[in-house]
Amino acid sequence: MRVTLLGTIGWMPSDRRETTCFACRAEDSLFIFDAGTGLRRLREPAQAALLDGARDIHLFLTHYHLDHVCGLAYLAGVLPGRALVIHAPAAELNGVDPEGALAGLLRRPYNPRDWEELTDLRVEPVVAGANEIAGHTVSVRAQQHSDVSVAYRLDDAFVLATDTRADPATAEFAAGVGLLLHEAWFNDADPRTTQMPAELLPGYAAHSEAGAVAGLAAAAGVGRLVPIHLNPLHDESYYAALEASARAVFPRTDVLPDGAVVDTDGVR
Ligand SMILES: [Zn+2]
Ligand SMILES: [Zn+2]
């Protein structure tokens, strides 16, 4: 399976990177994970193959923070006329009714049309554990963040774990997958980490440190670690240093640009 990185930064887009969004083709189905600003990259000619011949489209949401859902405002332009199944965490996972949350977001005056008018969209909540979707097993687990988020595992191909603290349970959840897409918000080895407005630093507790993430990748025995949801207050040189710190713990770590395609059967 091949995963296309449509958005690899968190919070706000930069001139190079869009906020969180990943896509892969699973036979005739298109699976999209999170709907950050990166969703707009589906319009790029280089991504045409993702949509070409896709019979059904499934969008999986990790949580409702705006950097992960603002692309929902682009759906009519990115996927015109296409029906979409939105898989959001069931209320038992995060205390949020998925249909209510989406209807609250996609309504006037924030959106030109109300949720009830968006008949191409359908919600199918995902529950903790295994969910069978379009012939694949999509596993879900709740994570600790400033609000509850969920990690996704698609078969043995990949795990997406973003907007979470580095959690030893993630290693168990991701055991043996080909690719771990894990957030890495900061790098303790880099002095630039603490040269930030002081009011932002407590927020780091809701996110992951690069070396700790690499430790999870090693414990899980994944094929490859790709740090994502990078911190937009830093620059590419910071991400390169973050990659070096992670590689010292888990050598098969690569910080990749938006648009990169990662084969989940790649490095072992
Ligand atoms: Zn985020
Ligand atoms: Zn978040």
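Scroll up to find the structure.
Report follows, based on the coordinates. (Residues numbered from 1 in each chain as written. Chains lettered and ligands numbered in written order. Predicted model: local features only at pLDDT ≥ 70, side-chain atom pairs only at ≥ 80, totals over all residues. Heavy atoms only, no water.)

Per the secondary structure count, the chain includes eight helices and 13 strands. Relative to the 2.2 N^0.38 estimate, which gives 18 Å for 268 residues, the radius of gyration of the chain is 17 Å and therefore close to what a compact globule would have. With respect to the three principal axes, the spread of C-alpha positions in the chain is 50 × 40 × 40 Å. Relative to its 268 residues, the chain shows a buried fraction of 56%. Pairs at least 24 residues apart make up 65% of the contacts formed inside the chain by residues separated by at least 6 positions. Summed over its atoms, the accessible surface of the chain is roughly 10900 Å², and 54% of this surface lies on carbon and sulfur atoms. (Helix = DSSP H or I, 4+ residues; strand = E, 2+ residues; numbered from the N terminus. Rg over C-alpha atoms; globule rule 2.2 N^0.38 Å. Buried < 20%, exposed > 50% of the residue type's maximum accessible area, 1.4 Å probe, protein only. Contact = heavy atoms within 4.5 Å. Areas by Shrake-Rupley, 256 points an atom, 1.4 Å probe, with all protein chains shown as cover.)

To continue, consider the packing of helix α7 (residues 210-220) against helix α8 (residues 236-249). Contact geometry for α7 and α8: axes closest at 8 Å, N-to-C directions at 35°. The way α7 lies across α8 gives a crossing that is right-handed. Contacts from Ala210, Gly211, Ala214 and Gly215 of α7 reach α8 at Leu242, Ala246 and Val249. Looking at the contact of α7 with α8, its residues break down into five nonpolar, two polar and no charged. (Axes fitted to C-alpha atoms, helices over the stretch in contact; angles between N-to-C directions. Left-handed = near helix turned anticlockwise from the far one by under 90°. Nonpolar A, V, L, I, M, F, W, Y, C, P; charged D, E, K, R; others polar.)

A few words now on the coordination of the zinc ion (ligand 2). Coordination sphere of the zinc ion (ligand 2), protein contribution only: His63 (NE2), His65 (ND1), His145 (NE2) and Asp163 (OD), at 2.2 to 2.3 Å. Look at where the donors of the zinc ion (ligand 2) fall in the sequence and you get H-x1-H-x79-H-x17-D. Between the zinc ion (ligand 2) and the zinc ion (ligand 1) the interatomic distance comes to 3.6 Å, and Asp163 is a ligand of both metals. Note that His65 is positioned in the loop between β4 (56-60) and α2 (66-69) and His145 in the loop between β8 (136-143) and β9 (149-154), a separation of 80 residues in sequence. Accessibility expressed as a relative area gives 12% for His145, which makes it buried. (Donors = N, O, S within 2.8 Å, 3.2 Å for Na, K, Ca; no water.)

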